[in-house]
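Overview (structure and organization)
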Amino acid sequence: MSENIKKIKEVEKVVIRFAGDSGDGMQLTGSQFTETTAVMGNDLATFPDFPAEIRAPAGSLAGVSSFQIQFSSDIIQTPGDDLDVLVAMNPAALKTNLQDLKQSGIIIANKANYSKKNLKLAGWETNPLEDDTLMGYQLIALDMTKIVSHAVEDMNLTSKTVSRSTNMFALGLMFWLYDRSMDSTISFLNKKFAKRPELVESNIRALKSGYHYGDTVEAIQSSYKVPKAKFERGLYRNIMGNQAVCYGLMAASQKSKCRLFYGGYPITPASDILHILSNHKNFKVKTFQAEDEIAAIMSVIGAAYCGSLGITATSGPGIALKSEAMGLAVVTELPLVIVNVQRGGPSTGMPTKTEQADLLQALFGRNGEAPIPVIAASTPVDCFNAAFESARIAMEYMTPVVLLSDAYVANGSEPWLIPSMEDLPEIETHIKKDGTKFQPFKRNEEQLARDWGLPGTPGMEHRVGGLEKDEHTGNVSYDPINHHRMTELRYEKINKIADSIPEIVPHGAKSGDILVLGWGSTYGAIRTAVNEAIKDGKSVAHAHLSYLNPFPKNLGEILLKYRYILIPEMNFGQLLMLIRNKYLINAKGLNKVHGKPFTVSEIYSGINDIIGD
Amino acid sequence: MSQVSESTLTRKDFISDQDVRWCPGCGDYAILAQVQKVFPDLGIPKENFLIVSGIGCSSRFPYYMDTFGFHSIHGRATALATGAKMANPDLSVWVVTGDGDAMSIGGNHFIHILRRNLDINILLFNNEVYGLTKGQYSPTSSQGHISKSTPLGSVDYPFNPPQLALGAGGTFIARGIDRELKHLNQLLKEAHNHSGTSFLEIYQNCWVYNDGAFANLTEKELKMETQLILEQGMPMIFGKDKDKGMRLVKGNLEVGMIGKDCKMEDILVHDEKNKIHGLMLSELTHKDGFPTPIGIIYREEKPPYEELLLNQIQKAIQIQGEGNLDSLFQNGHTWKV
Ligand code: SF4
């Protein structure tokens, strides 16, 4: 339409952050940009960051909500450290996010929101759009609200409706700047506001005026193109961590031929798992929103006793409430998966922020000797595998399993090479139906798993419960030697899982100066930092643990191949404690609990601190 | 298919090989015997019974029944039973609990199972004391109850279990007594027949820690005067000479002396479906000058939770078709590389 005389520069990767007030629709804007970017064939990683309050006071620093995305023509692992573009819809967003913007990075600001009142709320003494605060950056300050009102002038909309669609203006401008199509968002808007055609129209007009603004305004000299990334061949979609957990569990349910039963209680950031599973009733998934965290896991234990794949998901405080019931699942040896989407703690802590400080709770947070396998998801996509694997172990070993994820992987998203159900392995269960004198605690040799006799099966009547069992008959027993033996057996069974999991293979140097050992969502930052260090000629490797209990069999041997072991964690050294204790080595920790993931440069300097620049 | 066909099931089929470990003379024995007697008559294959309990003396119950059983943790039996019933709605699920287990630590789960109305039978063995932990007062102990933890008498006001159950939306609320075997037998069957959560409170004597708590209801000389036996459609009369009855005076239940201060026509006829009557009757729990109602206090037909859930699942399948994971994964924006 317009004769585009502007330059198009090709770049390899870009980091954008949309930031604004909680009411400005930044999460929606970010996820729309993500959808489009995924379809354009870039690799990407996202980081939504929002306040715990649903409606923090408008314009306040506490009310800033942001969505960061990195996209690239290369394979990337993190949402990026420094920003190329900061969309700052209001002064508070500028205040809280400016420090992350690169030198000479682009700021896009909606002037309309930089009122005296808002400036004061955000702690700006003068208007940074008008003085030299932002020197050295490329500032594009414009009155989006005014432009959008012009665009919808003939529609007779309230000023509230108009200002609500300024996020679409910003999105349109970013689409233009990075050469993306508006089609996906247009069809999204048509669907979302199907019942309110005036909103479809106003949002689309806002989106388009943002797009055309880029084309026409002189302040912007060029747009950018990020070529497609070279992915492995196959069919892709974008997926979020919590969604991937649900799909992995549903896949495991099908592969084990055990119905999925989910019992949960609303808690941030795990609630989406309840929402998503509740939406799949046509898969015969049964979901139960219980009266509390304890009832949630108890219902799951009841369902598991009756032959379901029992699932519950929560976050740290919820795990604390469930811990007695987890012990019951250990002693009755029933298959369930307990998902902990970790968040900042202790207590209520920081509900929407990420942390990895529940590892020791997962391993040890119960009365008595109560070993439970622990698996951690490292990326949004890995949530699928980790969930499937957790369910496999639960069923094959007749045990509760803890699956650790965190707010960062749960809410983050990335492209997913969609697997085919056909390619996923079958999961064997220990269901017995023969009806001869059933012994509930008879174990098989391979896994030491007990037989699973389901109510409704003739001849299998038996009792289980929280009291110690006789090793042979399964009847209640207070015999001292038997108790010792049963405790041993419960440990042996969990340790045997190591026979069924892959050995760990470090990425990078097979031996050398430093091994960076991680678990969970630190994967992307560690992998990127280690790759950079390798490029810089350092003798560095990365090993990432998916299995925290038991550890892969060869872990001890691998650790001995490096002079230093560095363990970055978003806690004060929990894996570090386990590694030092088990392998008696002087591993070093790199620890932070900011409620935010590690940046690549933080890991890189951690490496430098040990082996020098 | 049952190995033992239902008609040939006998009491013996429900006796497990475990030694019963309650104190000799405990009221629990009589209840166990009644349950073992009733189960073969219910027309349910043996393998479809599931008994779930929490913690406490009564909660040892599942070990003594040769059925599927789960001795869970303190207060949580109703929550576990909820999951079991949802997972397999064909089961006949029975929860055995006590006043500490259900009214104290498990209070939350107790009210919520009643609200949801799963088709589960709850037997509350109420002995108004903690037995297994050796004699502390419980949420149903009367005020002033002297126990190890209340040497000067408890100052707590007790719970009134049937009233609590009514308030929580219970659809079957009844009371029996461990010593009234025939009556209890009847109530167990009625509880089973009710579709929805059945709540049966059973007064149970703990002779070790709270002996005689219900003596006035069980002693031969007294009980005719203290038990108000409720029968559907029958006037609420009691007394050795059947000369007393319940009547309404200015909206309140009063004891009337038939032929003296009132006529037979003044006596209320029991209607299980009348919730206001149910509330008034449950109010008579341990009330001075009044008899204690025994029998079905309230009954209401309402579809149980699991039925509604299964309907939703069926409807979802009807509308969307049975789910296919491959197409679910490929749903929405996808792209090929
Ligand atoms: S302590 Fe009381 S309730 Fe418990 S078994 Fe003994 S008599 Fe029965």
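On a predicted model such as this, the values are computed, not experimentally measured, just so you know. (Residues numbered from 1 in each chain as written. Chains lettered and ligands numbered in written order. Predicted model: local features only at pLDDT ≥ 70, side-chain atom pairs only at ≥ 80, totals over all residues. Heavy atoms only, no water.)

Focus: the side chain of lysine 255 of chain A
Counting through the fold element by element, lysine 255 of chain A comes out in helix 9 (residues 241–256). With residues near it in sequence (within four places) discarded, lysine 255 of chain A still touches Phe388, Met421, Glu422, Leu424, Pro425, Glu426 and Ile427 of chain A. (Helix = DSSP H or I, 4+ residues; strand = E, 2+ residues; numbered from the N terminus. Contact = heavy atoms within 4.5 Å.)

As for the sheet that holds strand 12 (residues 309–314) of chain A
All names here are of chain A. Reading across from one edge, 11-10-12-13-15-14-23 is the order of the 7 strands in this open sheet, with mixed pairing throughout. One side of each edge strand has no neighbouring strand; the edge strands of this open sheet are strand 11 (286–289) and strand 23 (547–549). Adjacent strand axes in the sheet meet at a mean angle of 20° when their direction is disregarded. Pairing analysis gives 2 bridges linking strand 14 (residues 374–376) to strand 23, with the strands arranged antiparallel. Bridge assignment links isoleucine 375 to a residue of strand 23, and that residue is tyrosine 547. (Pairing = 2+ DSSP bridges. Axes fitted to C-alpha atoms, helices over the stretch in contact; angles between N-to-C directions.)

Here we look at the packing of helix 6 (residues 166–177) of chain A against helix 8 (residues 197–216) of chain A
Residue and element names in this part refer to chain A. Helix 8 packs onto helix 6 with a crossing angle of 40° between their chain directions and a minimal axis gap of 7 Å. As judged from the angle between their axes, helix 6 and helix 8 are oblique. The crossing of helix 6 and helix 8 is right-handed. Contacts between helix 6 and helix 8 involve Met168, Phe169, Leu171, Gly172, Leu173, Phe175 and Trp176 on the former and, on the latter, Asn203, Ala206, Leu207, Ser209, Gly210, Tyr211, Tyr213, Gly214 and Asp215. Split into classes, the residues belonging to the contact of helix 6 with helix 8 amount to 10 nonpolar, 5 polar and 1 charged. (Parallel < 35°, antiparallel > 145°, perpendicular 65-115°, else oblique. Left-handed = near helix turned anticlockwise from the far one by under 90°. Nonpolar A, V, L, I, M, F, W, Y, C, P; charged D, E, K, R; others polar.)

A look at the interface of chain A and chain B
In this complex, chain A contributes 72 residues to the contact, which on the side of chain B involves 61 residues. Per-residue buried area on chain A facing chain B is highest for Asn282, Glu291 and Arg463 of chain A; these three make up 13% of the total on that side. One can count 3 salt bridges joining chain A with chain B. Between arginine 463 of chain A and aspartate 66 of chain B there is a salt bridge, and its shortest N-O distance comes to 3.2 Å. Joining chain A to chain B, the criterion identifies 25 residue pairs in polar contact (both at pLDDT 80 or more). Elements that contribute at least two residues to the side of chain A that touches chain B include exactly helix 1 (26–39), strand 9 (235–240), helix 9, strand 11, helix 11 (293–305), helix 12 (316–332), strand 16 (413–417) and strand 19 (463–465) of chain A. When residues of the side of chain A that touches chain B are assigned to their parent elements, the largest contribution, 8 residues, is made by helix 11 of chain A. Partitioned by chemical class, the residues of the side of chain A that touches chain B number 37 nonpolar, 23 polar and 12 charged. In this structure, strand 9 of chain A lies alongside strand 12 (residues 334–336) of chain B, joined through 3 bridges in antiparallel fashion. By the bridge assignment for strand 12 of chain B, tyrosine 236 of chain A is matched with tryptophan 335 of chain B. (Buried area = accessible area lost by both parts, 1.4 Å probe. Salt bridge = Lys/Arg side-chain N within 4 Å of Asp/Glu carboxyl O. Polar contact = N/O pair within 3.5 Å; in protein donor to acceptor, adjacent residues only side chain to side chain.)

Quick word on the sheet that holds strand 4 (residues 120–126) of chain B
Here we have 9 strands laid out as an open sheet, ordered 19(A)-2(B)-1(B)-3(B)-4(B)-6(B)-5(B)-11(B)-7(B), and mixed in their pairing. The two strands at the open ends of the sheet, each matched to only one other strand, are strand 19 of chain A together with strand 7 (227–229) of chain B. Taken over all neighbouring pairs, the strand axes of this sheet differ in orientation by 20° on average, direction set aside. Of the strand pairs in this sheet, strand 7 of chain B and strand 11 (residues 292–299) of chain B are connected by 3 bridges, and their pairing is parallel.

Some remarks on the layout of surface pockets
All names here are of chain A. In this structure, the second largest pocket occupies an estimated 890 Å³ of space. Residue lining of the second largest pocket: 38 residues in total, with Ser378, Thr379, Asp382, Asn385 and Tyr523 positioned closest to the centre. Only strand 14, helix 14 (382–397), strand 16, helix 17 (523–535) and strand 22 (540–545) provide two or more residues apiece to the lining of the second largest pocket. It is helix 14 that contributes the most residues to the lining of the second largest pocket, 6 residues altogether. Its residues assigned to classes, the lining of the second largest pocket comprises 23 nonpolar, 8 polar and 7 charged. (1 Å grid on protein atoms, 1.4 Å probe; cavity = no way out; pocket = protein on both sides within 12 Å on 5 of 7 lines; lining within 4 Å. Points joined across faces, edges and corners; volume = space filled by probe spheres on them.)

Some thoughts on empty space enclosed by the protein
Left-over empty space is what a probe sized like a water molecule reveals as it rolls over the atoms. Residues and elements named next belong to chain A. All told, the structure shown has 4 cavities of 30 Å³ or more when counted by the stated rule. Roughly 150 Å³ of volume is contained in the largest cavity. Contributing to the lining of the largest cavity are 18 residues, with Gln77, Thr78, Pro79, Pro380 and Tyr408 lying nearest its centre. Mapped onto the lining of the largest cavity, the elements with two or more residues apiece are strand 3 (43–49), helix 15 (407–411), strand 16 and helix 17. Residue composition of the lining of the largest cavity, grouped by class: 8 nonpolar, 9 polar and 1 charged.

Here's the deal with the packing of helix 4 (residues 144–151) of chain A against helix 6 of chain A
Residues and elements named next belong to chain A. Running from N to C, helix 4 and helix 6 cross one another at 100°; their axes reach a closest spacing of 9 Å. In this view, helix 4 runs roughly perpendicular relative to helix 6, as classed from their interaxial angle. Of helix 6, the residues touching helix 4 (which contributes Met144, Thr145, Ile147 and Val148) are Thr166, Phe169 and Ala170. When the residues that make up the contact of helix 4 with helix 6 are grouped by side-chain class, the tally is 5 nonpolar, 2 polar and no charged.

A short note on the domain arrangement of chain A
Residues and elements named next belong to chain A. Looking at the assigned domains, one finds that chain A contains domain 1 (7–225), domain 2 (237–423) and domain 3 (507–611). Centre-to-centre separation of domain 1 and domain 2, based on C-alpha positions: 34 Å. Taken together, the contacts link 16 residues of domain 1 with 10 residues of domain 2. Along the contact surface separating domain 1 from domain 2 lie 1 salt bridge. Among the salt bridges present, the one from aspartate 49 reaches lysine 353, with a minimum N-O distance of 2.7 Å. Our enumeration of links across domain 1 and domain 2 arrives at 4 residue pairs in polar contact (both at pLDDT 80 or more). Secondary-structure elements contributing two or more residues to the side of domain 1 that touches domain 2 are helix 1 and strand 3. (Domains from an automatic or database assignment.)

Structural notes on the pattern of salt bridges
Residues and elements named next belong to chain A. As enumerated under the stated definition, the model contains 34 salt bridges over all chains in all. Lysine 592 is paired through a salt bridge with glutamate 602; the nearest N and O atoms lie 2.9 Å apart. Placement of the pair is lysine 592 in the loop between strand 25 (588–591) and helix 20 (600–611) and glutamate 602 in helix 20, with a sequence separation of 10 residues. Overall, lysine 592 belongs to the buried group, its relative accessible area being 9%. Taken together, the salt bridges that share partners define one network made up of Glu471, Arg485, Glu488 and Glu492. (Buried < 20%, exposed > 50% of the residue type's maximum accessible area, 1.4 Å probe, protein only.)

Let's talk about the environment of phenylalanine 175 of chain A
Residue and element names in this part refer to chain A. Inspection of the secondary structure puts phenylalanine 175 in helix 6. In this structure, the C-alpha to C-alpha distance between phenylalanine 175 and leucine 207, residues 32 residues apart in sequence, is 9.1 Å. For phenylalanine 175, the residues in contact, after removing those within four places along its chain, are Gln32, Phe33, Thr36, Arg180, Ser181, Met182, Thr185, Leu207 and Tyr211.

Quick look at helix 19 (residues 574–583) of chain A
Where helix 19 of chain A is concerned, the buried positions are Gln574, Leu575, Leu576, Leu578 and Ile579 of chain A. Directly beyond the C-terminal end of helix 19 of chain A, a positive phi value near 50° is found at leucine 584 of chain A.

Here's the deal with the pairing of strand 6 (residues 101–110) of chain A
All names here are of chain A. With 7 of 10 residues buried, strand 6 lies mostly within the body of the structure. In this sheet, strand 6 lies alongside strand 5 (residues 83–88) in parallel orientation, the contact comprising 5 bridges. Within strand 6, the residue paired with leucine 83 across the bridge is leucine 101. In this fold, strand 5 hands off to helix 2 (residues 91–97), which returns the chain to strand 6; that crossover is right-handed. Pairing of strand 6 with strand 7 (residues 138–142), which is carried by 5 bridges, proceeds in the parallel orientation. (Right-handed = clockwise from strand over helix to strand, strands pointing away.)

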